[in-house]
Amino acid sequence: MDAIKAILVKEIDQINQQEQRDGKPRFNTEFAIKHPYLCIAMLVGYIAVGAVMYVSPYMGTDWFIGFTAFVVLVSCMLLFEIRPVYRYEDIGVLDLRVCYNGEWYFSRELTKQAVNEILQHPKVSSALKSRITAIVNNKGAIDFYDVYDVARKEQQQPLSQPHTAH
């Protein structure tokens, strides 16, 4: 399991580095660029609601300013994105971390180099290698959870004792 863990951790570190996954908020205008008409529609909706608030006798200028500040604050917050850091320890864990970083380990496939490294590693058992090969042959690829699960199950199986005749 240590050899598998080392290979998976190295692969996860490469993904984090390539995708700049550091868990820090970044300003991202991708939504506005991809959906300009939706942004325009939201602006028109804001103007309509703001106009009604401004002219209504029971709302007035204070409510209009407060509403505008709220819309600006929420709009700025929506333009930030956070790319969570993938961690080996999160594989197979179903708790609040899934809300933050999702179940990435089910959808992320190992690279062919990582699969080859596992299959050629001398400390990986032949049973584990054959199971991984079978998964790759059936699915065309293998994801992080598949490797983690197969290695974990192999580690949990007790060693079979040879029968002795009495």
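Residues numbered from 1 in each chain as written. Predicted model: local features only at pLDDT ≥ 70, side-chain atom pairs only at ≥ 80, totals over all residues. Heavy atoms only, no water.

Engineer: Describe the overall build of the protein, and please don't skip the residues or the numbers.
Structural biologist: Along its length, the protein carries nine helices and two strands. Along the protein, helices and strands appear, N-terminal first, in the series α-β-α-α-α-β-α-α-α-α-α. Over its C-alpha atoms the protein spans a radius of gyration of 26 Å, topping by over 25% the 15 Å that the globule rule assigns to 166 residues. Referenced to the eigenvectors of the C-alpha coordinate spread, the extents of the protein come out at roughly 100 × 35 × 25 Å. Within the span of the protein, comprising 166 residues, buried residues form 27% of the whole. Element-wise, carbon and sulfur atoms account for 61% of the exposed surface of the protein, whose accessible area totals about 11900 Å². With 17 positive and 18 negative side-chain charges, the protein shows a separation of 4 Å between the mean positions of the two kinds. (Helix = DSSP H or I, 4+ residues; strand = E, 2+ residues; numbered from the N terminus. Rg over C-alpha atoms; globule rule 2.2 N^0.38 Å. Buried < 20%, exposed > 50% of the residue type's maximum accessible area, 1.4 Å probe, protein only. Areas by Shrake-Rupley, 256 points an atom, 1.4 Å probe, with all protein chains shown as cover. Lys, Arg positive; Asp, Glu negative; His and termini not counted. Charge placed at Lys NZ, Arg CZ, Asp CG, Glu CD.)

Engineer: Before we move on, could you go through the packing of helix α1 (residues 2-18) against helix α9 (residues 144-156) and cite the residues and values that matter?
Structural biologist: The interhelical angle for the contact between α1 and α9, taken along N-to-C directions, is 165°, at an axis separation of 11 Å. Taken together, the axis directions place α1 and α9 in an arrangement best described as roughly antiparallel. Along this stretch, α1 crosses α9, giving a crossing that reads as left-handed. The residues of α9 that touch α1, namely those facing Ile 4, Leu 8, Glu 11, Ile 12 and Ile 15, are Phe 144, Val 147, Tyr 148 and Ala 151. Taken together, the residues of the contact of α1 with α9 break down into eight nonpolar, no polar and one charged. (Axes fitted to C-alpha atoms, helices over the stretch in contact; angles between N-to-C directions. Parallel < 35°, antiparallel > 145°, perpendicular 65-115°, else oblique. Left-handed = near helix turned anticlockwise from the far one by under 90°. Contact = heavy atoms within 4.5 Å. Nonpolar A, V, L, I, M, F, W, Y, C, P; charged D, E, K, R; others polar.)

Engineer: Break down the nonpolar core for me, with residues and values.
Structural biologist: Counting residues in each nonpolar core, the largest one holds 26 residues, and the members touching the most others are Ile 4, Ile 91, Leu 110, Ile 118, Phe 144 and Val 147. Listed by contribution, the elements that provide at least two residues to this core are α1, α6 (104-107), α7 (112-120), α8 (126-139) and α9. Ignoring anything within four residues of it in the chain, the contact list for Leu 110 reads Leu 8, Glu 11, Val 115, Ile 118, Ile 142, Asp 143, Phe 144 and Val 147. (Core = buried A, V, L, I, M, F, W, Y, C linked by side-chain atoms within 4.5 Å.)

Engineer: For unusual backbone geometry, give the residues involved together with the corresponding values.
Structural biologist: Even without glycine at this site, Gln 20 takes up a positive phi of about 50°. Within the fold, Gln 20 resides in the loop between α1 and β1 (25-27). On the basis of relative accessible area, Gln 20 is assigned to the partly exposed category, the value being 46%.

Engineer: Mind laying out the environment of Ala 151, listing which residues take part and the relevant values?
Structural biologist: With respect to the element layout, Ala 151 can be found in helix α9. Ala 151 sits in the buried class, given a relative accessible area of 4%. The spatial distance from the C-alpha of Ala 151 to the C-alpha of Glu 81 is 34 Å, given a sequence separation of 70 residues.

Engineer: Run through α7, naming residues and quoting values.
Structural biologist: Among all positions in α7, only Ala 114, Val 115 and Ile 118 are buried. An end-on view of α7 places all buried positions within 100° of arc, on one side of the element. Those residues of α7 that are exposed and aimed more than 90 degrees away from the buried face are Lys 112, Gln 113 and Gln 120. (Arc of directions from axis to C-beta.)

Engineer: Residue-level account of a nonpolar patch on the surface, with values.
Structural biologist: A cluster of nonpolar side chains, Phe 31, Leu 38 and Met 42, forms an exposed patch at the surface whose accessible area comes to about 280 Å². Turning to its location among the elements, Phe 31 is positioned in helix α2 (residues 30-34). (Patch = residues over 30% accessible without salt bridge, like charges linked within 9 Å, V, L, I, M, F, W, Y side chains within 5 Å. Salt bridge = Lys/Arg side-chain N within 4 Å of Asp/Glu carboxyl O.)

Engineer: Go over the pattern of salt bridges with me, naming the residues and quoting the values.
Structural biologist: Applying the stated criterion to the full structure yields 10 salt bridges. Residues Arg 21 and Glu 19 are paired through a salt bridge, measuring 2.7 Å at the closest nitrogen-oxygen approach. Assessed through its relative accessible area of 25%, Glu 19 is described here as partly exposed. Across the pair Asp 143 and Lys 139 runs a salt bridge whose closest N-O atoms are separated by 3.2 Å. Put simply, Glu 19, Arg 21 and Arg 108 are held in one network by salt bridges that share partners.

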